[in-house]
Amino acid sequence: ICLTGLFLLSFFGHHSIAQEGLTVGDKAPLLEIVASLGESKSNRNSSSPANDKEAVKRAVLDYVDGIYDVKPELIERGVHPELKKLGYWRPSEDEKFKPGSPMTFEQLRDLAASYNKDGRIPKDAPKKIEIFEVMEKIASAKLTAEWGIDYFHLVKEDGKWKILQVVWQSPPKK
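Residues numbered from 1 in each chain as written. Predicted model: local features only at pLDDT ≥ 70, side-chain atom pairs only at ≥ 80, totals over all residues. Heavy atoms only, no water.

Peer 1: What am I meant to see in the overall build of the protein chain here?
Peer 2: Along the backbone of the protein chain there are five helices and six strands. In the protein chain, the order of α-helices and β-strands from amino to carboxyl end is α-α-α-α-β-β-α-β-β-β-β. Out of the 174 residues in the protein chain, the part that is buried amounts to 33%. A fraction of 51% describes how many contacts in the protein chain between residues 6 or more apart in sequence connect residues 24 or more apart. By element, 55% of the accessible surface of the protein chain is carried by carbon and sulfur atoms, the whole surface being about 11200 Å². (Helix = DSSP H or I, 4+ residues; strand = E, 2+ residues; numbered from the N terminus. Buried < 20%, exposed > 50% of the residue type's maximum accessible area, 1.4 Å probe, protein only. Contact = heavy atoms within 4.5 Å. Areas by Shrake-Rupley, 256 points an atom, 1.4 Å probe, with all protein chains shown as cover.)

Following this line, the structure appears as structure tokens:
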């Protein structure tokens, strides 16, 4: 029960309220009101900065786990259907990158359904996530994965964080 609720319970518990017909012995409706105040507060906290940061991380995990674990349904959960993705790939034997290659949501979902079917990604593949900033409606993050480095812009719509933009490149030469 929140402090406001304790105050109300204390105050109204010792007074009778004519409009509601409450007396000292009849506090049940008042207890429901007090309980709902605490519930409202916990609902507001469900969108706290810490919870939003975890939800942003979850969206990035959905992206990488969708590909690593061959689970396109995770792409659907963590990626916005209007995804804009651009990647710069460099074969390991080359010094130059290939031209930027765009990818849509549908292409990413299809890739997740097939890319690691044959187990090409090792079980200990990197999956390092860094959250740079989380605001009320937008966030930015970085992923280091088997294929390289991805930078993300995410949006919060209908209370859910989704990846809207990705730009990536193959790992830097060592």
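Here the narrative resumes, following the displayed structure.
Peer 1: What is the right way to look at the side chain of Arg90 in this model?
Peer 2: Inspection of the secondary structure puts Arg90 in the loop between β1 (79-88) and β2 (101-103). Although Arg90 is buried, it makes no salt bridge; Glu95 carries the closest opposite charge, 5.6 Å away. (Lys, Arg positive; Asp, Glu negative; His and termini not counted. Salt bridge = Lys/Arg side-chain N within 4 Å of Asp/Glu carboxyl O.)

Peer 1: Please clarify how helix α5 (residues 105-114) should be interpreted in this entry.
Peer 2: Each α-helix winds once per 3.6 residues, and so residues spaced three or four apart point in a common direction. Where α5 is concerned, the buried positions are Phe105, Leu108 and Ala112. In a view along the axis of α5, the buried residues occupy a sector of 65°, so they form one face of it. (Arc of directions from axis to C-beta.)

Peer 1: Explain the side chain of Lys85 here, please?
Peer 2: The topology assignment puts Lys85 in strand β1. One buried charged side chain, Lys85, makes no salt bridge at all; its nearest oppositely charged neighbour is Asp150, positioned 4.4 Å away. Engagement of the side chain of Lys85 in a polar contact is seen with the side chain of Tyr63, the distance being 2.7 Å. Not counting chain neighbours up to four residues away, the residues in contact with Lys85 comprise Tyr63, Ser101, Pro102, Met103, Leu108, Asp150, Val166 and Trp168. (Polar contact = N/O pair within 3.5 Å; in protein donor to acceptor, adjacent residues only side chain to side chain.)

Peer 1: Is there a simple way to think about the sheet that holds β2 in this case?
Peer 2: Either a parallel or an antiparallel arrangement is found when strands of a sheet pair, and the pairing is made through backbone hydrogen bonds. Across the sheet, six strands lie side by side as β2-β1-β6-β5-β4-β3; this open sheet has mixed pairing. With partners counted over all chains shown, the strands left at the sheet margins are β2 and β3 (127-134), one partner each. On average, each strand axis in the sheet is inclined to that of its neighbour by 20°, with strand direction left out of account. Sheet topology note: the strand β4 (residues 138-145)/strand β5 (residues 148-157) ladder contains eight bridges and is antiparallel. Bridging across to β5, Lys142 finds its partner in Tyr151. Sheet contacts for helix α3 (residues 49-68): β1, β3, β4, β5 and β6 (160-169); angle to β3, the most-contacted strand, approximately 145°. Packing of α5 onto the sheet brings it into contact with β1 and β2, and relative to β1 it is tilted by some 80°. (Pairing = 2+ DSSP bridges. Axes fitted to C-alpha atoms, helices over the stretch in contact; angles between N-to-C directions.)

Peer 1: Just to check I follow, could you spell out the layout of surface pockets for this structure?
Peer 2: Picture a little ball the size of a water molecule; that probe, rolled over the atoms, points out where space is still empty. Looking at the largest pocket, its volume works out to about 580 Å³. Of all the secondary-structure elements, those providing two or more residues to the lining of the largest pocket are β1 and β2. A per-element tally of the lining of the largest pocket places β2 first, with three residues. Across the lining of the largest pocket, the residue classes break down as 13 nonpolar, four polar and six charged. (1 Å grid on protein atoms, 1.4 Å probe; cavity = no way out; pocket = protein on both sides within 12 Å on 5 of 7 lines; lining within 4 Å. Points joined across faces, edges and corners; volume = space filled by probe spheres on them. Nonpolar A, V, L, I, M, F, W, Y, C, P; charged D, E, K, R; others polar.)

Peer 1: Could you clarify how one ought to interpret the nonpolar core in this entry?
Peer 2: Core analysis: the biggest nonpolar cluster contains 28 residues, and Tyr63, Leu143, Trp147, Phe152, Leu154 and Ile163 have the highest contact counts within it. When residues of this core are traced back to their parent elements, those giving at least two are α3, β1, α5, β4, β5 and β6. Here this core takes eight residues from α3, the largest share from any one element. Once residues within four sequence positions are removed from consideration, Tyr63 is found in contact with Ile75, Val79, Lys85, Leu108, Leu143, Trp147, Asp150, Phe152, Ile163 and Val166. (Core = buried A, V, L, I, M, F, W, Y, C linked by side-chain atoms within 4.5 Å.)

Peer 1: How do you make sense of the packing of aromatic side chains when you look at a structure like this?
Peer 2: The geometry of an aromatic ring pair is captured by two quantities: the separation of the ring centres and the angle between the planes. All chains considered together, the criterion is met by four aromatic pairs. Measuring from ring centre to ring centre gives 6.4 Å for Tyr63 and Trp147, while their planes differ by 70°; the resulting arrangement is edge-to-face. Taken together, the residues Tyr63 in helix α3 and Trp147 in the loop between β4 and β5 connect sequence positions 84 residues apart. Per residue, the accessibility class of Tyr63 equals that of Trp147, and both read buried. Ring centres of Tyr68 and Trp147 lie 5.6 Å apart, and the angle between their planes is 80°; on these two criteria the pair is classed as edge-to-face. (Phe/Tyr/Trp six-rings, centres within 6.5 Å; stacked < 30°, edge-to-face > 60°.)

Shape is all these values report; function is a separate question.
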